[in-house]
Amino acid sequence: MIPYGSLVVYVTPKGRRYIKRLEEGQDWHSNDGTLPAAHVAALDFGAETRTTLDVPIRVQEATLFDRLQGVKRQTQIIYAKDIAYICLRLGAGPGRTIIEAGCGSGGLTVGFSWFCGPTGKVVSHDAREEFVRLARRNLDWAGVGGNVELHHRDVAEGFAVSGADALFLDVRTPWEYLDQAVRAVRPGACMGFLLPTVDQVSKLLLGLERGPFAELEVCEILIRRWKPVADRLRPEDRMTAHTGFLVFCRQQERSEDFESRRPLGTRERKQEAARLARLGLAAPGAPDTADGANGVEADKAGTDGDEA
């Protein structure tokens, strides 16, 4: 028996998938015929039935992937492939509190809500009220959201909660909100960011290296499907490639002692020296710039005297 109110996926022989909510008295109509709601409610998920035009239809339970595919959007939503890795890296799960900024249409919010469950909490923000309303409608439609707080709020003013376990920023200039982000999470919390261009990623990395952050990761997620034919296995002609850059880090106070003990190769030493130069700091063990300059002048004077 399929309870009324369930999200049901109808699969046709042509491979079309329709995700609909099963409601009493509301039959499903399509070009393949009609399925009475009462008839569907008497089935079990995974059953195959027939429409009024005698077309076989498979009745399946909607997974999280199906729900994400059915989200109504007014903005570019985060793809399911990215949502899965974001939830994994931020540790979304029971009892966890996740902060989100830039909820947009609510695709990632649906994923966070699903994984955090009834004992977790998702606190989402957006500066545009119409997106907050849209995200709430999508959460309700997807059958989640009971653990979600939605705030019409500019995060430049700070986040609605503090002491969160993780935070995700999907905003245009996340480097402008790093101070607010640090105040909103507990020590050691994971943070994530989504950005579309390399220029934005570079600016974010510059901001992160000035603050209490560690374990930086920049990645993109690509999915290439293969044709599931046993004797002619080969890639599909199309793939879901670059959809954005994901940046992750942890809130972590820096320690000179810890940093000085990291083994660095030649390339890493040059990169670290460049980072310290950008911050106006000297590398551990490096001579003072002023003293070095004075030493050069002294050597030069001594050489000139010898020549005289």
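Here, the structure is the one placed above.
Residues numbered from 1 in each chain as written. Predicted model: local features only at pLDDT ≥ 70, side-chain atom pairs only at ≥ 80, totals over all residues. Heavy atoms only, no water.

**Looking at the packing of helix H4 (residues 107-116) against helix H5 (residues 129-142)**
- Running from N to C, H4 and H5 cross one another at 45°; their axes reach a closest spacing of 9 Å. One finds that H4 runs oblique with respect to H5. Both H4 and H5 take part in a crossing whose hand is right-handed. For the pair formed by H4 and H5, the contact residues are Thr109, Val110 and Ser113 on the first element and Asn138, Leu139 and Ala142 on the second.
- Residues belonging to the contact of H4 with H5 are distributed by class as follows: 3 nonpolar, 3 polar and no charged. (Axes fitted to C-alpha atoms, helices over the stretch in contact; angles between N-to-C directions. Helix = DSSP H or I, 4+ residues; strand = E, 2+ residues; numbered from the N terminus. Parallel < 35°, antiparallel > 145°, perpendicular 65-115°, else oblique. Left-handed = near helix turned anticlockwise from the far one by under 90°. Contact = heavy atoms within 4.5 Å. Nonpolar A, V, L, I, M, F, W, Y, C, P; charged D, E, K, R; others polar.)

**Thoughts on unusual backbone geometry**
- Phi at Asp54 takes a positive value of approximately 65°, unusual for a residue other than glycine.
- The phi dihedral of Glu215 falls on the positive side, at around 55°, and the residue is not glycine.

**Things to note about the pattern of salt bridges**
- Under the defined criterion, the tally for this structure stands at 17 salt bridges.
- Linking Glu217 and Arg89 is a salt bridge whose minimum nitrogen-to-oxygen distance equals 2.8 Å. Of this pair, Glu217 sits in strand S12 (residues 213-219) while Arg89 sits in helix H3 (residues 80-90); the two residues are 128 residues apart in sequence, bridging distant segments of the chain.
- By relative accessible area, which is 21% here, Glu217 ends up partly exposed.
- Put simply, Glu149 and Lys121 hold a salt bridge, and the shortest N to O gap is 3.9 Å. Of the two residues, Glu149 is situated in strand S9 (residues 148-152) and Lys121 in strand S8 (residues 121-126); the sequence distance between them amounts to 28 residues.
- According to the relative accessible area criterion, Lys121 is partly exposed, its value standing at 31%.
- Here the residues in one salt-bridge network are Glu259, Arg262, Glu272 and Arg275, joined through shared partners. (Salt bridge = Lys/Arg side-chain N within 4 Å of Asp/Glu carboxyl O. Buried < 20%, exposed > 50% of the residue type's maximum accessible area, 1.4 Å probe, protein only.)

**Examining the packing of H3 against H4**
- Close contact between H3 and H4 brings their axes to 10 Å; oriented N to C, the two are set at 50°. One way to sum up the angle between H3 and H4 is to call them oblique. The element H3 and its partner H4 pack so that their crossing is right-handed. Touching Ile83, Ile86, Cys87 and Leu90 of H3 are Gly107, Leu108, Gly111, Phe112 and Phe115, all from H4.

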